[in-house]
Amino acid sequence: MDYRYIARRWVSVFCACALCVLLFAASASAQTGRAASRPATRPARAARGPAGPVLGELMDYGPFLSYSVLRPGASTAATNAPAPTEGHHAARTDGGELIAVRGITIHVGNNASVCFDTDLLSVAGAWTGGFLDLGRSNLKPGQGPLCAIAKGTLSFSTLTDLGWAANGSFADPRADHQGPLPATQGHYKGLYRHGNQVVFSYSLGKTDVLEMVGSVAADGQIGFTRTIQLGKSDAEQKLLIFDLDGADGKMEGNTALLVKDDHETIVGAPVMPSGAAFHIADGYRVEMTVPPQAKTSTIKLLIGRIPTDAHSTFAALMKQAGNAEDLSALTKGGPAMWNPPIVTEGNRGSDNWAYTVDTVALPDANPWKSLMRLSAFDFLPDGRAVVATMNGDIWIVSGLDDTLSHTMWKRFATGLFEPLGLKVMDGKIYVLGRDQITILHDLNNDGEADFYENYCNAWATSPIYHAFLMDLQADSQGNFYFSTCGNQAPLSLRERNYGFVMKVPKGGATVEQFANGLRAANGMGVGPHDEIVAADNQGNWTPVCRIDLLTKGGFYGFYNDPRRIKKDQVPELHLPAMYDPPICWLRYPDPDNSSGGQVWAGKDWGPLSGQLLSTSYGKSNLLSIPWEMTDGVPQGGAIKLPLQFQSGIMRARLNPKDGQVWVCGLKGWQTNAGREGSLERVRYTGKPAHIPLVLHVLHDGIAITFSDPLDKTSASDDQNYGIEQWNYHWSETYGSPEFKVSNPNQQGHDVVDIKSVSLSPDAKTVTLHVSELKPVMQMWIQMHIKAADGAAID
């Protein structure tokens with residue numbers, strides 16, 4: 001028998017393997033005290049900034065923000081236009097409006113900003129009049145259709161061209177003109193933060209480079225500086241400074257300029273190595289050549305866009321630029337910026353059931369107006385939590401004791417690119433942003449990150465709003481895993497790395513495809529024996545949410561998003577005609593309409609010790625997932641635990657100090673979350689649980705083992721159980737209704753006849769004997785019985 005599903009069809013598809021069972025069980029005795037875990041009120045609006053479209057823009061992001069950046073005045077066409085594959089400026093993927101995909105925008109003073117492109121190792125653009133318009137991005141509450149937009153007037157750009165030539169050529173060597181340069185040509189190493197100063201570190205072949213950008217002002221005009229510390233090299237280096245289509249270029253003394261529209265964009269060099277020179281290429285590009293250097297040399301450039309009738313102002317700007325800074329001195333650790341830590345007071349949940357939810361209060365009212373939408377977290381060996389927010393912050397949380405009455409939040413790092421994954425490995429903090437996995441280093445032990453090291457960025461990033469990279473997990477060998485959102489990914493990226501779970505082998509030098517066919521797997525989990533699971537979300541080619549056990553080379557059914565890839569393009573993806581079945585499907589909308597990550601409970605967590613747990617971002621639920629392998633095929637069920645959470649939980653971790661399961665989450669879109677974010681502990685109280693723990697499918701029935709003995713009379717009565725089953729249609733349409741197994745095209749459920757019920761001698765395992773057990777996508781088992789101690793189990 002073939003144990004995989006036929007997927008490439010437009011009608012109902014039947015499971016050809018084992019049962020996917022959905023279980024709901026909650027102790028009635030736990031119902032009364034659970035509401036105490038949810039706060040009565042949402043956080044005050046004043047604590048999160050005033051209402052309106054500027055929420056998220058009021059936040060102090062620190063000296064820089066990593067984000068895709070569009071030109072001033074960009075429209076939605078900027079991230080939806082197809083990428084040209086040939087011709088000049090073929091790297092543009094945006095209809096000419098993109099400044100950088102992997103951009104890091106720096107405040108440089110004088111209300112001016114500079115964007116550095118870590119893919120192309122270029123100063124991609126600089127502008128005056130503001131920082132970034134984030135009002136249509138994901139950095140505001142809710143969904144944003146665009147990335148960041150430069151706010152102000154563009155002074156110069158490099159039109160998404162390479163920053164440095166290779167062997168004298170600026171030809172783009174990248175596949176589809178996307179992703180980082182080959183590491184042998186150029187490699188971004190990371191950035192150092194020294195107060196408000198940002199120093200980039202990268203290499204050009206064997207030549208190491210440090211670079212810092214800044215600004216000066218004179219006579220009402222703004223000039224931008226680039227200070228470059230260039231390591232010794234045995235070959236000439238060629239630097240692109242700016243280009244401007246349609247401009248007229250010329251040399252004037254020791255400066256080069258482009259003239260267009262009554263303005264001239266000029267570059268001069270307050271500091272330049274011997275033999276270095278500017279020159280005009282193609283009439284509209286300003287480049288600089290630097291001869292081979294026997295030792296480290298320093299360059300300082302001044303670039304300004306000024307009216308042609310104010311040409312003399314450039315001399316004043318040159319005077320303001322001054323000498324070059326010693327960049328090496330700025331790489332040792334700088335002054336702390338985010339003091340003092342913020343103290344909050346949390347609360348313990350009621351102990352009415354076996355498990356309860358304790359709440360850590362978030363520092364919503366903070367001096368930096370940081371939006372506390374918690375997107376990922378993990379624990380340091382000493383039990384402190386490291387928490388990421390959707391808006392790019394990393395916080396260290398201490399005081400996570402039994403009472404949670406005095407927790408301290410220390411802002412540790414800022415400016416990361418939508419960090420949705422975080423993992424502590426060997427005491428180091430690894431953060432997955434859309435652009436890279438970053439290791440955060442505190443070089444001077446002042447409680448703040450000084451070096452943001454690029455551990456791995458060996459994939460292509462997309463600027464579209466839904467191109468998330470999600471979760472960050474690691475196996476016992478030190479390999480990392482994360483998922484990429486295939487939803488709305490263009491064909492060129494769908495082929496390469498979107499819609500996959502990606503593996504980063506230990507060391508971070510490369511990335512490889514591990515599993516394919518994921519639409520929007522928000523979360524993952526790695527088990528005690530390196531089992532890798534992921535939960536995908538309902539949509540096109542995904543009837544409802546599901547939990548998958550991943551294997552290398554596995555395909556899990558998502559082909560394409562019809563909004564981005566046409567049907568006749570699908571064969572180009574070379575995807576299998578079959579898809580691997582999940583552990584279980586999750587009925588829509590309850591218990592889940594949008595899944596999060598998974599975790600295996602620890603060994604001292606009561607009856608659920610060692611159990612696979614899954615979070616629901618959409619319904620703010622925590623699910624227990626009993627499952628088994630049958631003839632090499634996973635099958636299992638989902639039990640919604642009777643707990644309530646403050647926000648849409650999507651990450652879960654074990655705390656090494658207390659052994660409890662902790663969760664964090666946020667409020668974005670398609671969630672019932674009450675608060676913008678949450679950090680909560682799911683604590684075992686020692687009281688009876690009265691819940692199923694083990695699911696085992698037999699040839700003629702289903703055996704369910706409970707945590708506590710059952711009442712023999714009620715548990716043996718077949719009238720206290722009900723079973724329904726159904727299938728889904730697997731197609732390119734969004735989601736699927738529920739269809740009868742007996743009539744594949746009729747919506748509805750089939751009732752499964754229970755012939756008899758038997759109870760094990762220890763009264764913990766009930767076996768439902770059914771008349772006709774067959775493979776189905778979804779089975780729903782309901783029960784209304786009692787535990788041996790009289791507690792109701794509904």
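Residues numbered from 1 in each chain as written. Predicted model: local features only at pLDDT ≥ 70, side-chain atom pairs only at ≥ 80, totals over all residues. Heavy atoms only, no water.

Caption draft 1: Quick look at the overall build of the protein. If you tally the helices and strands in the protein, you get three helices and 60 strands. In terms of overall size, the protein behaves like a compact globule, its C-alpha atoms giving a radius of gyration of 29 Å where 794 residues would be expected to give roughly 28 Å. Across its three principal directions, the C-alpha atoms of the protein cover 100 × 60 × 45 Å. Taking the contacts inside the protein whose residues are at least 6 apart along the sequence as the reference set, 64% of them involve residues at least 24 apart. For the protein, the accessible surface area stands at approximately 27,200 Å², while carbon and sulfur atoms represent 50% of it. (Helix = DSSP H or I, 4+ residues; strand = E, 2+ residues; numbered from the N terminus. Rg over C-alpha atoms; globule rule 2.2 N^0.38 Å. Contact = heavy atoms within 4.5 Å. Areas by Shrake-Rupley, 256 points an atom, 1.4 Å probe, with all protein chains shown as cover.)

Caption draft 2: The arrangement of a negative patch on the surface in detail. On the surface, Asp 176, Glu 495, Asp 568 and Glu 572 cluster together into a patch of negative charge. In this structure Glu 572 comes out as partly exposed when scored by relative accessible area, which is 39%. (Patch = residues over 30% accessible without salt bridge, like charges linked within 9 Å, V, L, I, M, F, W, Y side chains within 5 Å. Salt bridge = Lys/Arg side-chain N within 4 Å of Asp/Glu carboxyl O. Lys, Arg positive; Asp, Glu negative; His and termini not counted. Charge placed at Lys NZ, Arg CZ, Asp CG, Glu CD. Buried < 20%, exposed > 50% of the residue type's maximum accessible area, 1.4 Å probe, protein only.)

Caption draft 3: How the structure looks around the sheet that holds strand 15 (residues 221–230). Taken in spatial order, the 12 strands line up as 17-18-19-22-15-14-13-12-32-31-30-29 in an open sheet, and their pairing is antiparallel. Taken across any chain shown, the strands that pair with only one partner, and hence form the sheet edges, are strand 17 (248–252) and strand 29 (421–425). Within this sheet the neighbouring strands show an average axis-to-axis angle of 25°, counted without direction. Where strand 12 (residues 187–194) lies against strand 13 (residues 197–204), seven bridges are found, and the strand directions are antiparallel. Looking at strand 13, one finds that Tyr 188 is bridged to Tyr 202. Of the strands in this sheet, strand 14 (207–218), strand 15, strand 18 (255–260), strand 19 (263–271) and strand 22 (297–307) touch helix 1 (residues 313–321), which is tilted by about 125° from strand 14. (Pairing = 2+ DSSP bridges. Axes fitted to C-alpha atoms, helices over the stretch in contact; angles between N-to-C directions.)

Caption draft 4: Quick look at the pattern of salt bridges. Under the counting rule described, the total for this entry stands at 33 salt bridges. For the salt bridge of Arg 384 with Asp 382, the shortest nitrogen-to-oxygen distance reads 2.9 Å. Judged by relative accessible area, which is 34%, Arg 384 ranks as partly exposed. Between Glu 448 and Lys 410 there is a salt bridge whose closest N-O contact spans 2.7 Å. Placement of the pair is Glu 448 in the loop between strand 31 (437–441) and strand 32 (451–456) and Lys 410 in strand 28 (residues 407–413), with a sequence separation of 38 residues.

Caption draft 5: How the structure looks around helix 1. Regarding helix 1, the residues found buried are Thr 313, Phe 314, Leu 317 and Ala 321. Around the axis of helix 1, the buried residues are gathered within 95° of arc, so they sit on the same side. Away from its buried face by more than 90 degrees, helix 1 exposes Ala 315 and Lys 319. Gly 322 occupies a position one or two residues after helix 1 and carries a positive phi of about 70°. (Arc of directions from axis to C-beta.)

Caption draft 6: Main features of the layout of surface pockets. Of the pockets and cavities examined, the largest pocket occupies roughly 550 Å³. What lines the largest pocket is a set of 29 residues, among which His 466, Ser 594, Tyr 617, Trp 669 and Gln 670 lie closest to the centre. Within the lining of the largest pocket, the residues separate by chemical class into 13 nonpolar, 13 polar and three charged. (1 Å grid on protein atoms, 1.4 Å probe; cavity = no way out; pocket = protein on both sides within 12 Å on 5 of 7 lines; lining within 4 Å. Points joined across faces, edges and corners; volume = space filled by probe spheres on them. Nonpolar A, V, L, I, M, F, W, Y, C, P; charged D, E, K, R; others polar.)

Caption draft 7: Highlighting unusual backbone geometry. Going from Tyr 588 to Pro 589, the amide bond is cis rather than trans, its omega being 0°. Here Pro 589 lies in the loop between strand 41 (584–586) and strand 42 (595–600). Omega for the peptide link from Asp 590 to Pro 591 comes to 25°, which places this bond in the cis form. Among the structural elements, Pro 591 can be located in the loop between strand 41 and strand 42. Unusually for a residue other than glycine, Leu 121 sits at a positive phi of about 55°. Mapped onto the elements of the fold, Leu 121 is located in the loop between strand 7 (112–117) and strand 8 (122–128).

Caption draft 8: Representation of the side chain of Lys 238 in the model. Here Lys 238 lies in strand 16 (residues 237–243). Buried within the structure, Lys 238 lacks any salt-bridge partner; its nearest side chain of opposite charge belongs to Glu 287, at an N-O separation of 4.3 Å. A distance of 3.4 Å separates a polar side-chain atom of Lys 238 from the backbone oxygen of Gly 168. Those residues in contact with Lys 238 that lie beyond four places of it in its chain are Gly 163, Trp 164, Ala 165, Gly 168, Phe 170, His 279, Glu 287, Met 288 and Thr 289. (Polar contact = N/O pair within 3.5 Å; in protein donor to acceptor, adjacent residues only side chain to side chain.)

Caption draft 9: Representation of the sheet that holds strand 38 (residues 532–536) in the model. Reading across the sheet, the four strands line up as 37-38-39-41 and stay open at both edges, with antiparallel pairing between neighbours. The two strands at the open ends of the sheet, each matched to only one other strand, are strand 37 (523–526) and strand 41. Within the sheet, the average angular offset between the axes of one strand and its neighbour, ignoring direction, is 20°. Direction of pairing for strand 37 relative to strand 38: antiparallel, over a ladder of four bridges. By the bridge assignment for strand 38, Met 524 is matched with Ala 534.

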